[in-house]
Amino acid sequence: MIESLLVANRGEIARRIIRTAKRLGIRAIAVYSEADADLPFVAEADEAVLIGPPNPALSYRNTEAILAAAKSTGAQAIHPGYGFLSENAEFARTVEASGLIWVGPDADAITAMGDKINARNLMAAAGVPVAPGTTDPAADLDAAVSAAAEIGYPVMVKAAAGGGGMGMGVAVDEAALRTEYDKVRAFAERMFGDGSVLIERYFPRVRHVEVQILGLADGRVVALGERECSVQRRNQKLVEESPSPAVSPELRSRLLAAAVRAGEAVDYRNAGTVECLFDPTTEDFFFLEMNTRLQVEHPVTEYVYGIDLVEEQLRVASGLAPTFDPDALAPRGHAMEMRINAEDPKRFLPGPGVIRTWVEPTGEGVRVDSGYTEGNTVTPFYDSLLAKLIITGATRAEVLDRARDAVAAFQIEGPKNNVPFFAELLENEEFRSGAYDTGIVSRMR
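Counting restarts for each chain, with residues numbered from 1 along the sequence as it is written. Local features in this predicted model are restricted to residues of pLDDT 70 or higher, and side-chain atom pairs are both shown and tallied only at a pLDDT of 80 or more, whereas totals for entire chains, interfaces and linings draw on every residue. Neither water nor hydrogens contribute to the side-chain values; these are computed over all heavy atoms in the structure.

Leaving glycine aside, a negative phi is the common case for residues, and trans is the common case for peptide bonds. Of note, the amide linkage connecting Tyr153 to Pro154 takes the cis form, showing an omega dihedral of 0°. A run of H or I in DSSP becomes a helix once it reaches four residues, and a run of E becomes a strand once it reaches two; helices and strands are each numbered from the N terminus. Tracing the backbone shows Pro154 in the loop between α7 (141-151) and β6 (155-159). The omega torsion across Ser242 and Pro243 is -5°, close enough to zero to call that bond cis. By the element assignment, Pro243 lies in the loop between β11 (236-242) and α9 (249-265). In this structure, Asp267 is a non-glycine residue whose phi angle is positive, near 50°.

A sheet is described by the order of its strands in space; here eight strands give the open sequence β13-β12-β9-β10-β11-β14-β19-β17, paired in antiparallel fashion. Since the sheet does not close on itself, it has two edges, and those belong to β13 (284-291) and β17 (366-370), each with one partner. Within this sheet the neighbouring strands show an average axis-to-axis angle of 25°, counted without direction. Here, any two strands with at least 2 DSSP bridges between them count as paired. Where strand β10 (residues 221-233) lies against β11, four bridges are found, and the strand directions are antiparallel. Within the sheet, the bridge partner assigned to Gln232 lies in β11 and is Lys237. Interaxial angles span 0 to 180 degrees and are taken between N-to-C directions of axes, which are lines fitted to C-alpha atoms, for helices over the stretch in contact.

Summarising the element assignment, Thr323 is placed in the loop between α11 (309-317) and β14 (334-341). Three labels apply to residues, based on accessible area from a 1.4 Å probe with only protein chains included: buried if under 20% of the type maximum, exposed if over 50%, partly exposed otherwise in between. According to the relative accessible area criterion, Thr323 is partly exposed, its value standing at 45%. As for Thr323 and Ile307, which are separated by 16 residues in sequence, their C-alpha atoms are 7.9 Å apart. Should any heavy atoms of two residues lie within 4.5 Å, those residues are counted as being in contact. Every residue in contact with Thr323, bar those within four places of it in the chain, is listed here: Glu311, Glu312 and Arg315.

Take the nonpolar core next. One broad rule of soluble globular proteins: the nonpolar side chains tend to lie buried together. Throughout this description, the term nonpolar core refers to a set of buried Ala, Val, Leu, Ile, Met, Phe, Trp, Tyr and Cys residues connected via side-chain atoms within 4.5 Å. If you look at the biggest cluster of nonpolar residues, it comprises 94 residues, and the most contacted ones within it are Leu6, Ile78, Val231 and Phe431. Aside from chain neighbours lying at most four places away, what touches Val231 is Gln236, Lys237, Leu238, Val239, Phe421, Leu425, Phe431, Tyr436, Ile440 and Val441. Counting 28 residues, the second-largest nonpolar core is a separate cluster that includes Val211, Val247, Leu256 and Met290.

Salt bridges are defined as contacts in which a side-chain nitrogen from Lys or Arg sits within 4 Å of a carboxyl oxygen from Asp or Glu. This model, assessed by the stated rule, comprises 42 salt bridges. With a closest N to O distance of 3.2 Å, Glu12 and Lys388 form a salt bridge. Taken together, the residues span a long stretch of sequence, with Glu12 in helix α1 (residues 11-23) and Lys388 in strand β19 (residues 385-393) at a distance of 376 residues. Here Lys388 falls in the buried class, since its relative accessible area comes to 0%. The network of salt bridges with common partners includes Arg16, Arg19, Arg23, Glu302, Asp308, Glu311, Arg367 and Asp369.

Before going further, it helps to spend a moment on the sheet that holds strand β3 (residues 47-52). Strand pairing in a sheet is mediated by backbone hydrogen bonds. Such pairs are either parallel or antiparallel. Pairing is parallel across the open sheet formed by five strands, whose spatial order is β3-β2-β1-β4-β5. What marks the edges here is a single partner per strand, and that holds for β3 and β5 (101-102). Across four bridges, the pairing between strand β1 (residues 4-7) and strand β2 (residues 27-33) is parallel. Each residue of the ladder has a partner; that of Val7, found in β2, is Ala30.

Have a look at this one:
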């Protein structure tokens, strides 16, 4: 097993990884920016290294500073968490070229799945269903218009190098396409350094369902069930649950088999997620993208399958067998995660500030993975995620009841936060029924 681990991230995910590392007797090393010096993850690490100012480009995305911290502390491996450099193939290559262990899939898999058009084409060749769309980038606006006419409106205009719900726009007709194409292309060039755009069919009433996969050290790829991720704002998730209330046993079998084929197509190792769009009226599903990293919502899978995904990541990276029997995987119970963000609960606009009060809920079936505590300052430099409220139970009905009590008990004063939104959602009949789709938040607003 790895003996020392540098966590190249911050906030709740750094704290989460450090917790498992220390439980396993692994020396946990944190890196932090000047803005994060007082956050819990810095104090909880065995060692912490300041790597730069608040600007992520000069700290958490600063490859040289992170590698220098690894060298000075004698770290044996690097875990990137999610976001920042987690899906940066060049960083993964550099880590390994430096003689360190990369806790994640290899750079070739990251590259293959990082380009959305290439990923679609690979998945289609592997027999994974994909939505109608372009097999090459739309080179210019005329090409985009022509492709959309062939695919049929409405269409999704997507940055080929995008991810995390960023770099996307919906066009219901040609006029809208002309506007969205220029907007998405400019955003993609600015954010990803690649203005390539793809066009694919947009499904207005669908569910977003994803499958957790794990590529084992022996080369085998296994699927650890599905997660429902349809409660979204601006194409970014707010709630995840497992198992999905919309997925039948027959559909689950097809989904998981397709996800395993997806992983096998790129010789996948370590944790990853195959994201799909699912039409509940036809029970058809389509490949959306593969996230080549640990997901924010991994705790719901951990509960349902009774494993620690971070530990499994570390075991794969160490060349060790998993803690579970790959031939005896079976889900139990139900789990739901709510992303507690520093944002207005109505318009979901960021709201940084000093946390004056922070009281986490407790009780049976309640877990809180937090990045902050009372007295900390939420700055505008990073993602607005404050904590993840994870509720577990024997049934979805039990989870809903526990979630209602936990949300009512979660006290945050200072920065704006979306806890009131979850209180509203948990009373929403569409959500409680389980028969919701990706449009539920917009219908609530």
